[in-house]
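The residues making up each chain are set out below.
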Amino acid sequence: MTLAVLLPELGRISGGKIAALAGVAPFDRDSGTLRGQRHIAGGRADVRRALYLATLSAATHAKGVIADFYQSLIGRGKPPKVALAACMRKLIVRLNAMLAKGANWQAKPA
């Protein structure tokens, strides 16, 4: 609910743009021939905080796609914070795609 309120563009723009608005898109700081690490930056801080807590719970205390992705990143030697940032991006892009397709979040009557 928090993400829907703080990020009304959810489901209306592309995955890359929604990740940038949320502040979880990797940006480069390259100059000339120098190539460096990518860092997340910018975006809406309140959205990033809410997304961080949701992802932390989904990645470490639950089972599912995000938890499996997190474990695979950790297994490949990524630091936990880097893996969590990648999971944050994956979560917001997946949520954006679900809302764009018109996924019904309400329970179906039995």
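Structure: see above.
These figures come from a predicted structure and were not determined experimentally. (Residues numbered from 1 in each chain as written. Predicted model: local features only at pLDDT ≥ 70, side-chain atom pairs only at ≥ 80, totals over all residues. Heavy atoms only, no water.)

1. Topic: the environment of A67
Put simply, the rule reads: Secondary structure elements follow DSSP: runs of H or I no shorter than four residues count as helices, runs of E no shorter than two count as strands, and numbering proceeds from the N terminus. Three exposure classes are used, based on accessible area relative to the maximum for each residue type with a 1.4 Å probe and protein chains only: buried under 20%, partly exposed in between, and exposed over 50%. In what follows, residue pairs with any heavy atoms lying within 4.5 Å of each other are defined as contacts.
Assignment of secondary structure puts A67 in helix 4 (residues 65-75). Since its relative accessible area comes to 7%, A67 is described here as buried. Measuring from C-alpha to C-alpha, the distance between A67 and T33 comes to 37 Å, with 34 residues separating the pair along the chain. When sequence neighbours within four positions are dropped, the list of residues in contact with A67 reads A58, A59 and A62.

2. Concerning the side chain of T55
Using the following cut-off: Distance and chemistry together define a polar contact, namely a pair of N or O atoms within 3.5 Å, with one atom able to donate a hydrogen and the other to accept it when in protein, and with adjacent residues in sequence counting only for side-chain atoms on both sides.
As for its position among the elements, T55 is in helix 3 (residues 45-60). Residue T55 is classed as buried on the basis of its relative accessible area, which comes to 0%. For T55, the side chain forms a polar contact with the main-chain oxygen of L51, separated by 2.7 Å. With residues near it in sequence (within four places) discarded, T55 still touches I66, L84, C87, M88 and L91.

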